[in-house]
Amino acid sequence: MRIQLNKYIRAGFLLVSLFALGACSSTSEMEEESAIESSSSSSGSASTGSGSSSGQLTQEQIRAQRALQQTVFYFDFDVAEFKPGDRETLTFHARDLAANSSKRIRLEGHADERGTREYNLALGERRANGILNYFIVNGAARSQIEVVSYGEERPEQTGQSDQAYSRNRRVEIVAQ
Amino acid sequence: MSSRYLFIIGLISILHFNVEAELSIQITQGIDDPIPIAVVPFSIETGGIFSEDIAEIVKNDLEQVGEFRALSRSNMLSLPTEEREVFYRDWRILAQDYLLIGRINQQSGSQLVQVQYEFFDINREIKLAGEVLTGSVTQLRDIGHTISNVIFEQVTGIPGAFTSQLLYIVSESAGPQTSLFRLEKADYDGARPQVLLESGEPIMSPSWAPNGQDVAYVSFETGLPRIYIQNIASGQRRQITNYPNINSSPVWSPDGTKLAMVLSKDGSPDIYVQDLNSNQLMRVTDHPGIDTEPSWTPDGRNIVFMSDRTGQPQIYQIALGANSYDIERLTYDCFQCAKAQFLPDGVNLVHVRRETRQALYQIAILNIETLRVITLSSTSLDESPSLAPNGSMIIYGTKFNGKGVLDAVSIDGRVKFRLPSTQGDVREPSWSPFLN
């Protein structure tokens, strides 16, 4: 699956490069769009395609752009480590901070309502700190990032269902 | 013109709120053999009607704590209002153990009322108590609760806590992704709620000062959790911490001179104690795990706290001034134990217990000498236990029909009552000390 996808991406990339070389700018944008289609099939997040107007974005840039659009990361119950599947997206966020030293963000940690409130406040901070440390390891400066935990005080979804709980265990990246 | 209109709307919503938001008490579990008591309607000697029915307030107080069952008024054979009108035989026929009577006097043109009450033991045919209480007509509820205190102590030997009050947090949805948070104060039975603080950002962990006059809490109003102290009567407040990261869980020492708290300024949440006179900060625990939820032992010499240093939350104790590694673990037999506080006996530990991996959180008491555990609640999301000043009941936050409500349970588990909110989610109760 992954390999097949990469084939498509590579094929798309090749096409884009070819058209770019041929200075045929009117169709290159179309090809770029199709490349986005194939690469987004695994992540499932909708792309607005904003910023593609320049028509000169590399695949890496497109993936970075898409990654930066994902600002909420969900966690498993009683777990403070982010999901392995979010690693790549978080890497793009870290590189973006490293490349833009004036950029400031806030990492807001949250927990579901199960367990005591003070423990959940600490758990939300632990989750946000996990991402903070990952960002720093990947080139972001400590001074760019503020961490705050809301514990269980600001649920994304109310109610006592597993669905609501899974939406509430999260860290949000908020641009400052 | 438009601003005037808005003002009127605002006023209406405030009035509406005051009526709607009152928590009304429900007894959810009483004892099998309550003590029979007759509470005769108090006569109003000077005529007229008051907004509060003192006899009804006393009757509700006594029934709510589960120890008493009051005789229905329609079954009374006589309605005495002073001692010479009392015939013990009338009450013995009705199988009553105790009798309360009284009368109210109000001087014309005055706001002052005099309430005379008398309390009798039917079996021994003696008067146990009686006095004249004077207050404003707006204090009839307080006078009723004061009489309940006397009766409760006469019969059980334990001081009544009917004049005590509660602090708690209410959150209410105010549109998509926005909530309003309030710190409120009410009588122990939920009556007469007052808003002490309202914010668009979370408010947490209210803690009643031992002097009964101040409250410490956490507010996110600056965008970060910080600890504040507020005078309850004047509303005057001050921010007392501004350390990086988490500032939370303020709890007053029994003598009121210090505040235990949780700070994560050095990386992970640890317990600290701040002296409120000198502002000197003392670090109590030092561990990379989560240390939180401090409480004081009744003698003020030790701090009980929760730590997940072994992987799951468990309860520990440390002496004030001891080395941070010199700690004693108090709980072993639960998957998670949290938010612990000793009863005044210093032996029984109230806490939130998650027995197994299953995510059920209940209020329990562990005797640290016998290791006996009594689970007091039977709902699944119970937290934030707080003890009544007479040590007889615990109030805690739980969920009922998907909403946050406050439940109370006697420390023997026999009696339960609920304060359901008609508006918003209610949580984090803090029961006041005895108030004068």
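Residues numbered from 1 in each chain as written. Chains lettered and ligands numbered in written order. Predicted model: local features only at pLDDT ≥ 70, side-chain atom pairs only at ≥ 80, totals over all residues.

1. Describing the overall build of chain A
Moving on, step 1. A count of helical and extended segments in chain A gives six helices and four strands.
Moving on, step 2. Counted from the first residue to the last, chain A has its helices and strands arranged as α-α-α-β-α-β-α-β-α-β.
Moving on, step 3. In chain A, buried positions account for 34% of the 176 residues.
Moving on, step 4. Within chain A, contacts between residues separated by at least 24 positions form 68% of all contacts whose residues are at least 6 apart in sequence. (Helix = DSSP H or I, 4+ residues; strand = E, 2+ residues; numbered from the N terminus. Buried ≥ 20, exposed ≤ 12 C-beta atoms within 10 Å, placed from the backbone. Contact = placed C-beta atoms within 7 Å.)

2. Digging into the confidence of the model for chain A
Moving on, step 1. Looking at chain A, the pLDDT average stands at 79 and 69% of residues meet or exceed 70.
Moving on, step 2. Residue range residues 1-52 of chain A is modelled with pLDDT below 50. Its contacts to residues more than four positions away, or to other chains, number 46 contacts. (pLDDT = per-residue confidence, 0-100.)

3. Section: the interface of chain B and chain A
Moving on, step 1. With 28 residues of chain B at the contact, the number on the chain A side is 19 residues.
Moving on, step 2. Put simply, the parts of the chain that give the side of chain B that touches chain A at least two residues each are strand E11 (203-208), strand E15 (247-252), strand E19 (291-296), strand E23 (336-342) and strand E27 (383-387) of chain B.

4. Regarding the packing of helix H3 (residues 59-69) of chain A against helix H4 (residues 87-99) of chain A
Residue and element names in this part refer to chain A.
Moving on, step 1. Where H3 meets H4, the closest approach of the two axes is 8 Å, and the angle between their N-to-C directions is 100°. The angle between H3 and H4 places the two elements in the roughly perpendicular class. Of the residues in H4, those touching H3 at Ala64, Ala67 and Leu68 are Thr89, Phe92, His93 and Asp96.
Moving on, step 2. Of the residues contributing to the contact of H3 with H4, the split by class is four nonpolar, two polar and one charged. (Axes fitted to C-alpha atoms, helices over the stretch in contact; angles between N-to-C directions. Parallel < 35°, antiparallel > 145°, perpendicular 65-115°, else oblique. Nonpolar A, V, L, I, M, F, W, Y, C, P; charged D, E, K, R; others polar.)

5. Regarding the sheet that holds strand E16 (residues 258-263) of chain B
All names here are of chain B.
Moving on, step 1. Strand order in the open sheet formed by four strands is E15-E16-E17-E18, and the pairing between neighbours is antiparallel. In the strand order of this sheet, the two ends are held by E15 and strand E18 (281-283), each with one partner. For this sheet the average axis-to-axis angle between neighbouring strands, irrespective of direction, equals 25°. (Pairing = 2+ DSSP bridges.)

6. What to know about the sheet that holds strand E2 (residues 105-110) of chain A
The strands making up a sheet associate through backbone hydrogen bonding, with each pair oriented either parallel or antiparallel.
Residues and elements named next belong to chain A.
Moving on, step 1. With mixed pairing, the four strands of this open sheet are ordered in space as E1-E4-E2-E3. On the outer flanks of this sheet lie strand E1 (72-74) and strand E3 (145-151), each paired with one strand and no other. Sheet twist, expressed as the average angle between the axes of neighbouring strands with direction ignored, equals 20°.
Moving on, step 2. Where E2 meets strand E4 (residues 170-175), five bridges bridge the pair, whose relative direction is antiparallel. By the bridge assignment, Gly109 is partnered in E4 with Val171.
Moving on, step 3. With respect to the sheet, helix H5 (residues 117-137) is in contact with E2, E3 and E4, its orientation differing from that of E3 by roughly 155°.

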